[in-house]
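# Structural overview for review
Each chain, written out:
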Amino acid sequence: MPETRPSDDDGVALNRALWDERARIHGSTPADRFYDVESFLAGRQTLYGLERELAGDVTGKELLHLQCHFGMDTLNWARLGARVTGVDFSSAAIERARLLAARAGLAATFVEADTQRLPTHLAGGFDLVVATYGVLCWIGDVTAWMHGAAMALKPGGSLVLVDMHPAFQTVAALDPLVVDWPYGGGEPQREPVTSTYAVPGLATPAQESVQYPYSLGEIVTAAADAGLTTKHLGEHIATELDPRGILRQGEDGLYRLPFGDSHLPILYSLRAETPAAARS
């Protein structure tokens, strides 16, 4: 189990170094599970049905994508008709995102910033704030993250968050079942990382990471604290993707996390709204 230590100030710096390295690796090898750049440039849609359904028709909408990595999903929102801005704390990721947008011929703005401290110029500018897959485990202050998302939204705007379910994050292996991660609490979990989820078997330089476990209750409460009203909360036991490469794929092509005679949820989805503008 990862070592637990008191919260400190170096989590962002350590994680930025990790994601700078991943931004250089992802999409650069044939074995990559998620980031096939050439097929993306040829028109492949990288977004899944879950986030597209929650976001609805994005045509003409201002969309802010938090923790956008090097921009593939951001640019696919643009392909669906949104006017997009992506934010990431990795300078390497932002540089690649801008280059990718140019190669794809798609209009997008990319901003280098910590999503716990969004720049004030983003305030009130967006119909949608979107964040998906591997999001809040990297955030030391989930309340600050939610306040930033709420700050960026226009009145009546929506946050769409799809992320790994806290129950799924506790599981390290299935056969045999190994559970080695806390369910919630937010305490920083420090561990060395020598690989990447995107490229199985690829060894990477050892880097220390800091991750933070949040329960579903803590996440929804943080959204409420930011003034957001939850309109949808879903827990998903059958998914289109295996985020961590440990799940079993059924004959229907979907992934599930077996637990006795049932299944544990793999993902959760949240749509929350800011208050609508008062009518004059």
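Use the structure listed above.
Quick caveat, the model's predicted, so the values are computed rather than measured.

Strand-to-strand pairing in sheets goes through backbone hydrogen bonds, with the strands running parallel or antiparallel. With antiparallel pairing, the three strands of this open sheet are ordered in space as β12-β13-β14. In this open sheet, the two strands that pair with only one neighbour each are β12 (248-249) and β14 (262-264). Sheet topology places β12 next to strand β13 (residues 255-259); two bridges connect them, and they run antiparallel. By the bridge assignment for β13, Q249 is matched with Y255.

Before going further, it helps to spend a moment on the pairing of strand β4 (residues 109-112). Bridging between strand β3 (residues 83-88) and β4 involves four bridges; their strand directions are parallel. Bridged to D88 within β4 is E112. With helix α5 (residues 91-104) bridging β3 and the parallel β4, this β-α-β connection has right-handed handedness.

So, about the nonpolar core. Within the largest apolar cluster, 41 residues are counted, with the highest numbers of intra-cluster contacts made by L63, W77 and L267. For this core, the secondary-structure elements that each account for two or more residues are α2 (37-41), α3 (49-55), α4 (72-79), α5, β5 (126-132), β6 (153-164), β7 (171-174) and β13.

Okay, the environment of L177 next. Examined against the element boundaries, L177 turns out to sit in strand β8 (residues 177-179). Residues L177 and T132, 45 residues apart in the sequence, show an inter-C-alpha distance of 26 Å. Once residues lying within four places of it in the same chain are set aside, the contact partners of L177 are V171 and F259.

On to the environment of Q207, then. Examined against the element boundaries, Q207 turns out to sit in strand β10 (residues 207-211). Note: C-alpha distance between Q207 and D127 (80 residues apart in sequence) is 37 Å. Excluding its chain neighbours within four sequence positions, the residues that come into contact with Q207 are A17, L18, E21, E191, P192 and V193.

Here we take up the pattern of salt bridges. Inspection of the entire model under this criterion finds nine salt bridges. Two residues, D10 and R190, come together in a salt bridge whose shortest N-O distance is 3.1 Å. Of this pair, D10 sits in the loop between β1 (3-4) and α1 (11-25) while R190 sits in strand β9 (residues 189-193); the two residues are 180 residues apart in sequence, bridging distant segments of the chain. The class of D10 is partly exposed, set by a relative accessible area of 29%. Assessed through its relative accessible area of 8%, R190 is described here as buried. Between R190 and E208 there is a salt bridge, with its nearest N and O atoms 3.1 Å apart. Placement of the pair is R190 in strand β9 and E208 in strand β10, with a sequence separation of 18 residues. Judged by relative accessible area, which is 28%, E208 ranks as partly exposed. In this structure, a network of salt bridges that share partners links the residues D10, R190 and E208.

About the criteria used
Residues numbered from 1 in each chain as written. Predicted model: local features only at pLDDT ≥ 70, side-chain atom pairs only at ≥ 80, totals over all residues. Heavy atoms only, no water. Pairing = 2+ DSSP bridges. Helix = DSSP H or I, 4+ residues; strand = E, 2+ residues; numbered from the N terminus. Right-handed = clockwise from strand over helix to strand, strands pointing away. Core = buried A, V, L, I, M, F, W, Y, C linked by side-chain atoms within 4.5 Å. Buried < 20%, exposed > 50% of the residue type's maximum accessible area, 1.4 Å probe, protein only. Contact = heavy atoms within 4.5 Å. Salt bridge = Lys/Arg side-chain N within 4 Å of Asp/Glu carboxyl O.

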